[in-house]
Amino acid sequence: MRRQRGVALVQVLLVTTIIILLVMQLSLTAADQVKRAQQLQDRSEAALYLHSREVALIYTLLTEPLLPSSGSANPYASSWNFHGEPFFVDGLQVTLQDQSGLMRFPFLGVAQFEDLLKVLKLGPALARELARQLANWIGVRMAGGGRPDDAMMRGESGDPVQYFGELWFLPGMDENLYGQLAELMTLYPNPSFNPLTAPAALLRMRMSESTLQAVLEARRNGELDERRLWQLARIGADEVVLPFTGPGIGIRMNGEYLGVALRRDLIVGIEPYEAQPLTLWSRERLARRIPK
């Protein structure tokens, strides 16, 4: 009898232990599932928050003059600039870059591209070699026009580049140089160049260092306009230069909401008085440091 009672007690303890382990496992599983559900809810709310801020910004671009306006009641229009200087609205960092302030990706010749490489301190020999490689890739001669006989052209056709990342196909291209070019060049089909919103490296191609510093100082103080640019650098509107923002606007938004990191990179065409006032030129689904 004692032996039977001892066996029964061991069995009861064993069953009790198993039940306790099952209850603990169910509890841990439930806690993990609740945590995952909360994370999914936070991600959904964060995505909606970012989307609503993006829509509010685009609506402002369509309805407000594309000029700095500190007196505006709209939080975006009162803070924005179009030369890539970040500003904050609703807890998000926003950067707007007028695409006409960037260098259009070469499609007829590579002379400007070579000059830009020299400004980035690559050295004349390396700058010319990279420019030659790009000319071969897109199927143009160094002096512009026509296709070289020995070109290794994209798709064997030499058509215009459709994706900025094709620069990686050039021998000698490294991550640092690619990152610089990605911030200075665009695939958007700009009809003209806007020096009022151009980065310093592109302005350096058109003016002396002392003039450049004066122009940048005027821009920091909110004093740079078409008249001031002419006074400082003797640059005015012509068939190539048009000191007006748009229509292409690069938008970069990043920040955090409910512990979720947010990032959005896109380029839109803003033409409020046209039949199609808004066009989506590009959008990075999984935005990286370099939105190309």
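Cut-offs used in this document
- Residues numbered from 1 in each chain as written.
- Predicted model: local features only at pLDDT ≥ 70, side-chain atom pairs only at ≥ 80, totals over all residues.
- Heavy atoms only, no water.
- Helix = DSSP H or I, 4+ residues; strand = E, 2+ residues; numbered from the N terminus.
- Buried < 20%, exposed > 50% of the residue type's maximum accessible area, 1.4 Å probe, protein only.
- Contact = heavy atoms within 4.5 Å.
- Areas by Shrake-Rupley, 256 points an atom, 1.4 Å probe, with all protein chains shown as cover.
- Pairing = 2+ DSSP bridges.
- Axes fitted to C-alpha atoms, helices over the stretch in contact; angles between N-to-C directions.
- pLDDT = per-residue confidence, 0-100.
- Salt bridge = Lys/Arg side-chain N within 4 Å of Asp/Glu carboxyl O.
- Core = buried A, V, L, I, M, F, W, Y, C linked by side-chain atoms within 4.5 Å.
- Patch = residues over 30% accessible without salt bridge, like charges linked within 9 Å, V, L, I, M, F, W, Y side chains within 5 Å.
- Lys, Arg positive; Asp, Glu negative; His and termini not counted.

### Comments concerning the overall build of the protein
Reasoning step 1: Summing up its helical and strand segments, the protein has seven helices and seven strands in all.
Reasoning step 2: Along its sequence from the N terminus, the protein presents helices and strands in the succession α-β-β-β-α-α-α-β-α-α-α-β-β-β.
Reasoning step 3: Classification of the 292 residues of the protein by burial places 41% in the buried group.
Reasoning step 4: Counting only contacts in the protein whose residues sit at least 6 apart along the sequence, the fraction spanning at least 24 positions is 53%.
Reasoning step 5: When the accessible surface of the protein is split by element, carbon and sulfur atoms take 56% of a total near 17,300 Å².

### Overview of the sheet that holds strand β1 (residues 87–89)
Reasoning step 1: One open sheet accounts for five strands, arranged β1-β2-β5-β6-β7; its pairing is antiparallel. Each of the sheet's edge strands pairs with one partner strand only, and the pair in question is β1 and β7 (278–283). The average undirected angle you get between the axes of adjacent strands in this sheet is 30°.
Reasoning step 2: Note that strand β5 (residues 248–257) and strand β6 (residues 260–270) share ten bridges and pair antiparallel. The partner of R252 across the bridge, within β6, is D265.

### Re the confidence of the model for the protein
Reasoning step 1: Averaged over every residue, the pLDDT of the protein is 85; the share at 70 or more is 88%.
Reasoning step 2: Confidence, expressed as mean pLDDT per element, reaches its minimum in the protein at helix α1 (residues 2–63) with 82 and its maximum at strand β2 (residues 92–98) with 96.

### Regarding the pattern of salt bridges
Reasoning step 1: With the rule as written, the count across this model stands at eleven salt bridges.
Reasoning step 2: In this structure, E54 engages R283 in a salt bridge whose closest nitrogen and oxygen atoms are separated by 2.9 Å. Within this pair, whereas E54 is found in helix α1, its partner R283 is found in strand β7, the two being separated by 229 residues in sequence.

### Focus: the nonpolar core
Reasoning step 1: Residues F113, L167 and L181 are the most contacted members of the largest nonpolar core, which totals 44 residues.
Reasoning step 2: Within the residue set of this core, elements represented by two or more residues are α2 (111–119), α3 (124–138), α4 (175–184), α5 (200–204), α6 (209–220) and α7 (226–233).
Reasoning step 3: It is α3 that provides the largest number of residues to this core, a total of seven residues.
Reasoning step 4: In this structure L181 touches F113, L116, L117, L120, F164, L167 and M173, once residues within four positions along its chain are discounted.
Reasoning step 5: The next biggest cluster of nonpolar side chains, apart from the first, holds 24 residues, and it includes L50, L96, I251 and L262.

### Some details on a nonpolar patch on the surface
Reasoning step 1: Together, L14, I18 and L22 make up an exposed nonpolar region whose accessible area comes to about 290 Å².
Reasoning step 2: Exposure remark for L22: the relative accessible area of 53% places this residue in the exposed category.

### Re the side chain of D42
Reasoning step 1: Inspection of the secondary structure assignment puts D42 in helix α1.
Reasoning step 2: Of the buried charged residues, D42 lacks a salt bridge, with R43 as the closest side chain of opposite charge at 8.3 Å.
Reasoning step 3: When residues no more than four places from it in sequence are discounted, the contact partners of D42 are L258 and V260.

### Description of the environment of G165
Reasoning step 1: Note on placement: G165 falls in the loop between α3 and α4.
Reasoning step 2: Sequence-wise, G165 and Y178 are 13 residues apart; in three dimensions their C-alpha atoms are separated by 8.7 Å.

### Regarding unusual backbone geometry
Reasoning step 1: Geometrically, the link from G246 to P247 is a cis peptide bond, its omega value of 0° lying close to zero.
Reasoning step 2: Among the structural elements, P247 can be located in the loop between α7 and β5.
Reasoning step 3: Here the phi dihedral of K121 falls at roughly 65°; this positive angle occurs in a residue that is not glycine.
Reasoning step 4: Among the residues examined, K121 registers a relative accessible area of 74% and is labelled exposed.

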